[in-house]
Amino acid sequence: GIFNSWLSKGRMSINTLNVYAVQNVIFLILTAIRLLVLAALTGFARVKTKQFHAPEDNRNGGEASSFGGAEGSGGMTLPDRVMRAHYNAIENDLVWFLSYSALGASGANVWLIIVCNTVYTVCRIGHVVCYLKAIQPFRALCFLGGVLTCAFMMLYAFVQVFFTYVF
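None of the values given here were measured: they were computed from a predicted structure.

The rules we used
- Residues numbered from 1 in each chain as written.
- Predicted model: local features only at pLDDT ≥ 70, side-chain atom pairs only at ≥ 80, totals over all residues.
- Heavy atoms only, no water.
- Axes fitted to C-alpha atoms, helices over the stretch in contact; angles between N-to-C directions.
- Helix = DSSP H or I, 4+ residues; strand = E, 2+ residues; numbered from the N terminus.
- Parallel < 35°, antiparallel > 145°, perpendicular 65-115°, else oblique.
- Left-handed = near helix turned anticlockwise from the far one by under 90°.
- Contact = heavy atoms within 4.5 Å.
- Nonpolar A, V, L, I, M, F, W, Y, C, P; charged D, E, K, R; others polar.
- pLDDT = per-residue confidence, 0-100.
- Core = buried A, V, L, I, M, F, W, Y, C linked by side-chain atoms within 4.5 Å.
- Buried < 20%, exposed > 50% of the residue type's maximum accessible area, 1.4 Å probe, protein only.

Visitor: Describe the packing of helix 3 (residues 78-105) against helix 5 (residues 138-165), naming the residues involved and giving the relevant values.
Guide: Helix-helix packing: each pair is described by the crossing angle between the helix axes and the interaxial distance. Direction vectors running N to C along helix 3 and helix 5 enclose 25 degrees, while the axes themselves pass 8 Å from each other. With respect to their mutual orientation, helix 3 and helix 5 come out roughly parallel. Read as a crossing pair, helix 3 and helix 5 show a hand that is left-handed. Between helix 3 and helix 5, the residues in contact are N88, N92, V95, W96, S99, Y100, A102 and L103 and F143, C150, M153, M154, Y156 and A157, respectively. Classifying every residue of the contact of helix 3 with helix 5 gives 11 nonpolar, three polar and no charged.

Visitor: Before we move on, could you go through the confidence of the model for the protein and cite the residues and values that matter?
Guide: Reading fine detail from the predicted coordinates is not recommended where pLDDT is low. Summary statistics for the protein give a mean pLDDT of 77 and a share of 73% for residues scoring 70 or more. Counting interchain partners and residues more than four positions distant, the pLDDT-below-50 stretch residues 1-8 has seven contacts. Segment residues 63-74 is flagged for pLDDT under 50; beyond a separation of four residues in sequence, or across chains, it makes 25 contacts in the model.

Visitor: Summarise the nonpolar core; cite the residues concerned and give the values.
Guide: When a protein is soluble and globular, its nonpolar side chains tend to lie buried together. Residues V25, I29, A102, L103 and A157 are the most contacted members of the largest nonpolar core, which totals 19 residues. Among residues more than four places away in sequence, those in contact with A102 are V25, L28, I29 and A157.

Visitor: So what's going on with the environment of L94? Which residues, and what values?
Guide: Note that L94 resides in helix 3. Here L94 falls in the partly exposed class, since its relative accessible area comes to 41%. For L94 and L35, which are 59 residues apart along the polypeptide, the C-alpha to C-alpha distance reads 8.6 Å.

Visitor: Explain unusual backbone geometry to me, using residue names and the numbers behind them.
Guide: A cis amide bond links Q136 with the next residue in sequence, P137, at an omega value of 10 degrees. Tracing the sequence through the fold places P137 in the loop between helix 4 (110-133) and helix 5. Even without being a glycine, A134 presents a positive backbone phi close to 60 degrees. Taking relative accessible area as the criterion, A134 reaches 32% and is therefore assigned partly exposed.

Dropping the structure here:
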């Protein structure tokens, strides 16, 4: 058809298309993994140094030792919470976008993509609500649900492209 005629005119061959898809998926996955590793290292560093952004994150019941809050209030103001939730969404939505792009480029089933995107969106909305209301451990569980969804999307994309183009 039209696609084959376009390919035959030298614009892009099937082999070039395969190489593009494989390198695209691998690059997207590696970038998303790098961002997730940096996020994990940040979390571990906060626990190790006991520097928490929100008071409810300190398991010893103490005050947050960095970022925000009104002087002497021992807590975060609503604008501080909204700003932190916004920054967190930007950081995590970039990982989701890379995972989603890799999954789409890998040729995965559309319904799988819809389900993954729905689960991620529900988890991230839950995370924002729980962050603004200072609800733990549900905030952490919503965060973990989003991270695991992205990890699944990357793994599925890698397996999909590996079996589609390598075997």
